[in-house]
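# Report on the structure
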Amino acid sequence: MITVHHLNESRSQRILWLLEELGLSYEIEFYWRDTHKMAPVELRRIHPLGKSPVITDDGRAIAESGAIVDYIVRHYGHGRLCPDLGSSDYDEYVHWLHYAEGSASLPFVILPIASSFGKMATPLRRRVDHELALNLGYINERLQDRDYLLGNALTAADVQMSFVGELAVNFADVSNLPNLAAWVARFRARPAYKAAIERGGPYSYAKG
Ligand SMILES: N[C@@H](CCC(=O)N[C@@H](CS)C(=O)NCC(=O)O)C(=O)O
């Protein structure tokens, strides 16, 4: 059985959501951020990076959320939540799986660091604002004519990208990004999303 090594208030929440969407049985090992909001050292016993999410399954530890999403869908999805392998949609799907952590979330990682430097960080802040506008505009445009990133049905690419959507509605101005805001509201309304919140414990990014 899959065990999710779940850090509170973290990207790991979307893994719980994916497992709920697929109706899979899973266990959760809870880890709590320390006073500096870092992961506790216990997570390093599961994987050398000591980050969350990480899952264990069949005696193996798998880290990095995109790889975890891919692993779960390939091993346990039975064709659900992803386009047919070999279709052009599958190539698009892989793009969104990688894009989430490869590019889209990066400005949100830099944002609090820039803010902590105050005025000194003005040039960096300008660059971050540019990247936010570029990336969030791209996602909003993609959702112009569809409910989810690959069409009108949810795929695991939406699950992987959901953290970016949640960061956007919490920390960026989405007033000019109605498709993105509607997508976030749409996935938050899903029963499986809500069930994952119930199981995962405190997750302030679900609001905002
Ligand atoms: N790109 C990685 C990011 C992993 C990551 O940085 N996770 C954060 C939680 S959102 C974490 O573990 N932070 C605690 C720490 O760095 O000590 C992924 O998507 O899995």
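This write-up is about the structure you can find in this document. Predicted model only: the values in this text are computed from it and were never measured. Chains are numbered independently. Their residues run from 1 in the order of the written sequence. Given that the model is predicted, a residue must reach a pLDDT of at least 70 before its local features are reported, and side-chain atom pairs must reach 80 or more before they are shown or counted; all residues, however, enter totals for whole chains, interfaces and linings. Side-chain measures here rest on the full set of heavy atoms in the structure, leaving out hydrogens and waters.

### Brief notes about the sheet that holds strand β4 (residues 60–63)
Paired through backbone hydrogen bonds, the strands of a sheet run either parallel or antiparallel to each other. This is how it is decided: Two strands qualify as a pair provided DSSP detects at least 2 bridges between them. Numbering of helices and strands starts at the N terminus; helices are DSSP runs of H or I of at least 4 residues and strands are runs of E of at least 2. Helix axes use the C-alpha atoms of the stretch in contact, all axes being lines fitted to C-alpha atoms, and the angles between their N-to-C directions lie in the range 0 to 180 degrees. By the convention used here, residues are in contact when the closest approach between their heavy atoms is within 4.5 Å.
The strand order across the open sheet formed by 4 strands is β2-β1-β3-β4, and the pairing between neighbours is mixed. Two strands bound the open sheet, and with one partner strand each, they are β2 (26–31) and β4. Here the strands of the sheet are splayed against their neighbours by 25 degrees on average, with no regard to which way each runs. Here strand β3 (residues 54–57) pairs with β4 via 4 bridges, running antiparallel. Among the inter-strand pairings, Ile55 is bridged to a residue of β4, identified as Ile62. Across the sheet, helix α2 (residues 65–76) is in contact with β1 (2–7), β3 and β4; its angle to β4 comes to roughly 125 degrees. Together, β1 and β2 form the strand contacts of helix α8 (residues 191–200), whose direction differs from that of β2 by roughly 50 degrees.

### Looking at the packing of aromatic side chains
Any pair of aromatic rings gets described here by the distance separating the centres and the angle formed by the planes. How we decide: What counts as a ring pair is set by centres within 6.5 Å for rings of Phe, Tyr and Trp (its six-membered ring), and what kind of pair is set by the plane angle: stacked under 30 degrees, edge-to-face over 60, tilted for all other angles. To sort residues, take the accessible area from a 1.4 Å probe on protein chains only and compare it with the maximum for the residue type: under 20% means buried, over 50% means exposed, and anything in between is partly exposed. We call a charge positioned over a ring when the NZ of a Lys or the CZ of an Arg lies within 6 Å of the ring centre and within 35 degrees of the ring normal.
Within the structure shown, the criterion is met by 13 aromatic pairs. Geometrically, the ring pair formed by Phe30 and Trp32 is stacked, given 6.3 Å between the ring centres and 15 degrees between the ring planes. For Phe30, a relative accessible area of 36% puts it in the partly exposed group. Ring geometry for Tyr90 versus Tyr93: centroids 5.3 Å apart, planes at 50 degrees, classification tilted. One end of the pair, Tyr90, and the other, Tyr93, are both in helix α3 (residues 88–104), 3 residues apart, so they sit about a helical turn from each other. A relative accessible area of 15% places Tyr90 in the buried class. By relative accessible area, which is 0% here, Tyr93 ends up buried. One aromatic cluster is present, built from ring pairs that chain together Trp17, Trp183, Phe187 and Tyr193. Sitting over the ring of Tyr26, Arg199 keeps its end group 4.1 Å from the ring centre.

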